[in-house]
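A structural walkthrough
Chain residues, written in single-letter form:
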Amino acid sequence: MLEGLAQLIELQEIDVALGTAESELAKLPEARGACAARRESAAERTAEAKTAVAGAEGRQRTAETALQDQEALLAKLENQQHQVKSNDAYTALLREMEEAKEAISAAETQILEAMETIESASSATAAVEIEVAALLEHLGAEEQAFDVREKELATRAETFRSERQTVQDRVPPELAIQYERIAKRCTTALARVVKEICQGCRMNIPPQLYIELMNTEQVHVCPNCRRILIPESSGN
Ligand SMILES: [Zn+2]
């Protein structure tokens, strides 16, 4: 085989593995961001549930105050019943008492409604809290796994880079430059030829080139995709 070609094959294997490690590493920040977003929306759900309880508690207190005020008013009006002198004044007093009773009844209804809301909102909050606690535990584990994976990938990438350097140093400089140039354009700079077909672009190799490829110690590139061709007989 052409000098340096075996090293190039090795180089490409390392590059593919390095590329895989690097692209997985590059995806980690996004995955972490997704975890953070889920944490945030979980916190929002908990806050919303608690706000619903607090709102109903506030409505209950307001209605209780209104109830006390109207009860005090009604008591005062009842005391006035024996003091009124005219029929008109008595009718007006009765109307005021009726209004106070209606307000009392409305306040009682509001208190009951608020208490029902507090009960349902509290159990909803408890359910949300259980769900959120489980989610946070899951996210915590996921984030921990990301940390472990990140270290693993970084170490692996570092190993590949140093292996790459060792292998590259054994490739004739011109060939190495050619490899790098093609690798920038296509992820894989080398293409095997199988049954006269370039495995990089799946095009047929012209017969003359195929004969040269099989018989000469020269670098040949695919006329279509410009990848360095690896003859069928070359190892692996
Ligand atoms: Zn090709």
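Our subject is the structure listed above.
Description of the structure in this document. Sequence order as written defines the numbering, with residues in each chain counted from 1. Local features in this predicted model are restricted to residues whose pLDDT is 70 or higher, and side-chain atom pairs enter the listing and the counts only when it is 80 or higher, whereas totals over whole chains, interfaces and linings include all residues.

1. Digging into the nonpolar core
Among buried residues, those of type Ala, Val, Leu, Ile, Met, Phe, Trp, Tyr and Cys that are joined through C-beta atoms within 7 Å form a set called a nonpolar core. Three classes are used. A residue is buried when 20 or more other C-beta atoms lie within 10 Å of its own, exposed when 12 or fewer do, and partly exposed in between, with C-beta atoms placed from the backbone. The biggest cluster of nonpolar side chains holds 18 residues, and the ones touching the most others in it are Leu8, Ile228 and Leu229. Secondary structure elements are taken from DSSP: a helix is a run of H or I of four residues or more, a strand is a run of E of two residues or more, and numbering for both begins at the N terminus. Of all elements in the fold, only helix H1 (5-80), helix H3 (173-185), strand E1 (190-194) and strand E3 (228-230) reach the threshold of two or more residues within this core. Contact between residues is assigned whenever the C-beta positions, reconstructed from backbone atoms, fall within 7 Å. Sequence-distant contacts of leucine 8, defined by excluding residues within four places in its chain, comprise Val171, Leu175, Tyr179, Leu190 and Ile228.

2. A closer look at unusual backbone geometry
Notably, lysine 195 is not glycine yet its phi reads approximately 50 degrees, a positive angle. Here lysine 195 shows up in the loop between E1 and strand E2 (197-198). Although it is not a glycine, glutamate 196 adopts a positive phi angle of roughly 65 degrees. Mapped onto the fold, glutamate 196 is located in the loop between E1 and E2.

3. With respect to the pairing of E1
Across a regular strand the side chains alternate sides, sitting on one face of the sheet and then on the other. Paired strands, in this sense, are two strands between which DSSP finds at least two bridges. Bridge count between E1 and E3: three bridges; the pairing is parallel. Looking at the pairing, leucine 190 lines up with isoleucine 228 of E3. Strand direction decides the pairing type here: E1 and E2, joined by two bridges, are antiparallel. Within E2, the residue paired with valine 193 across the bridge is cysteine 198.

4. What to know about H1
To estimate the expected span of a helix, count its residues, drop one, and scale the result by 1.5 Å. Its 76 residues give H1 an end-to-end C-alpha distance of 112 Å, which sits within 8% of 112 Å, the value for a rise of 1.5 Å per residue. Of all the bends in H1, the greatest reaches close to 30 degrees and is centred on leucine 28; the proline proline 29 follows between one and four positions later. Taken residue by residue, H1 has Leu5, Leu8, Leu11, Gln12, Asp15, Ala21, Ala49, Ala56, Ala63 and Gln70 as its buried positions. Buried-residue contacts for H1 involve helix H2 (87-168), H3, E1 and E3. A residue's bend is given by the angle between axes fitted to the 7 residues ending at it and the 7 residues starting at it.

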